[in-house]
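Per-entry structural report
Spelled out, the chains give:
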Amino acid sequence: MLTLFHSPASCSNGILFLLNEIGASFDTRILDVRQGEQRSASYLSENPKGKVPALKIGNGSVLTEFQSIAYWLANAFPGAGLWPDDLEAQTRTLSALDFIVGSVHMRGFTFAKVPQKFLDDEAGQAALRAHGRNEVGKGLKILSEMMGEQDYLLGEFGIADTGLIYVLDWAEEEGIEIPANLSACLARLRQRASFEKSAGLWKR
């Protein structure tokens, strides 16, 4: 049995979506990151990094980092068809996912959503928030160009889309303009049965 350590409305939404997409049997342990539950002694004993998502797998070990968890799930459940056979396609999948998490999320949304983590003064926070929103906008433009006229980010639905759905969801919440093709993709992703299954644990 798999166990997802999850905080609704966080990036772990993407892994929740992926678990439902592949049809895995899993338990969910909810952590309220606003209350600091990810820093509790019980959770740190499972995941010393103290963040979500994390995934406990059948042998009792815990996988961390969004990209690595998504990669493991795609390969552990080959019947879902979410991991390409071609080496270049595999590499482009990892590249897209790393850009979503490492750049759009970490270098954009982190500053746009929680500037108070870095600065105390309100003017500095406002400037950092604006910088983050600008970085998100630039990132979405790159993702839009990457997708082009395809239905999903890299053509066929894949693990990169499980990262895409959470950053697009955040952009919508933050009132950041989403390019038309990505907006259509977000609607498409929300129509998948895996999103409906995830909906109960999607929002706080």
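Going by the structure above, here's the rest.
In this report, the structure presented in the accompanying data block is examined.

1. So, the overall build of the protein
Of regular secondary structure, the protein possesses eight helices and four strands. For the protein, the sequential pattern of α-helices and β-strands runs β-α-β-α-β-β-α-α-α-α-α-α. Along the three orthogonal principal directions, the C-alpha set of the protein runs to about 50 × 45 × 30 Å. Per-residue burial for the protein yields a buried fraction of 47% across its 204 residues. In the protein, the share of contacts with a sequence separation of at least 24, taken over all contacts with a separation of at least 6, comes to 64%. Accessible surface for the protein amounts to roughly 10000 Å². Of this, 50% is attributable to carbon and sulfur atoms. Looking at the protein, you have 20 positive and 25 negative side-chain charges, and the mean spots of the two groups are 5 Å apart.

2. Overview of helix H7 (residues 180-190)
All of the buried residues in H7 are Asn181, Leu182, Cys185, Leu186 and Leu189. Down the axis of H7, the buried set is contained in an arc of 145°. They therefore lie on one face. Contact partners of the buried residues in H7: helix H1 (12-22), helix H5 (122-147), helix H6 (159-174) and helix H8 (193-198).

3. Focus: helix H4 (residues 87-113)
Of all the bends in H4, the greatest, near 45°, is centred on His105. Buried within H4 are the following residues: Gln90, Thr93, Ala96, Leu97, Ile100, Val101, Val104, His105, Gly108, Phe109, Thr110 and Ala112. Capping the start of H4, Asp86 holds a side-chain oxygen 3.1 Å from the backbone nitrogen of Glu88, two or three residues further along.

4. Focus on the packing of aromatic side chains
Overall, the coordinates contain nine aromatic pairs when judged by the stated rule. Ring centres 4.9 Å apart and planes at 75° place the aromatic pair Tyr166 and Trp170 in the edge-to-face group. In this pair, Tyr166 and Trp170 are both assigned in helix H6, four residues apart and thus about one turn of the helix distant. The class of Tyr166 is buried, set by a relative accessible area of 1%. Here Phe195 and Trp202 contribute two aromatic rings whose centre-to-centre distance is 5.1 Å and whose plane-to-plane angle is 70°, an arrangement assigned as edge-to-face. Trp202 matches Phe195 in its accessibility class, with the two residues each being buried. Linked through ring pairs, Phe66, Phe109, Tyr166 and Trp170 together constitute an aromatic cluster. Stacked on the ring of Trp170, the Lys or Arg Lys113 has its end atom at 4.9 Å from the ring centre. The positively charged end of Arg192 is found above the aromatic ring belonging to Phe157, 3.9 Å away from the centroid.

Parameters at a glance
- Residues numbered from 1 in each chain as written.
- Predicted model: local features only at pLDDT ≥ 70, side-chain atom pairs only at ≥ 80, totals over all residues.
- Heavy atoms only, no water.
- Helix = DSSP H or I, 4+ residues; strand = E, 2+ residues; numbered from the N terminus.
- Buried < 20%, exposed > 50% of the residue type's maximum accessible area, 1.4 Å probe, protein only.
- Contact = heavy atoms within 4.5 Å.
- Areas by Shrake-Rupley, 256 points an atom, 1.4 Å probe, with all protein chains shown as cover.
- Lys, Arg positive; Asp, Glu negative; His and termini not counted.
- Charge placed at Lys NZ, Arg CZ, Asp CG, Glu CD.
- Arc of directions from axis to C-beta.
- Bend = angle between axes of the 7 residues up to and from the residue.
- Polar contact = N/O pair within 3.5 Å; in protein donor to acceptor, adjacent residues only side chain to side chain.
- Phe/Tyr/Trp six-rings, centres within 6.5 Å; stacked < 30°, edge-to-face > 60°.
- Lys NZ or Arg CZ within 6 Å of the ring centre and 35° of its normal.

Keep in mind that these numbers describe shape and distance, not what the molecule does.
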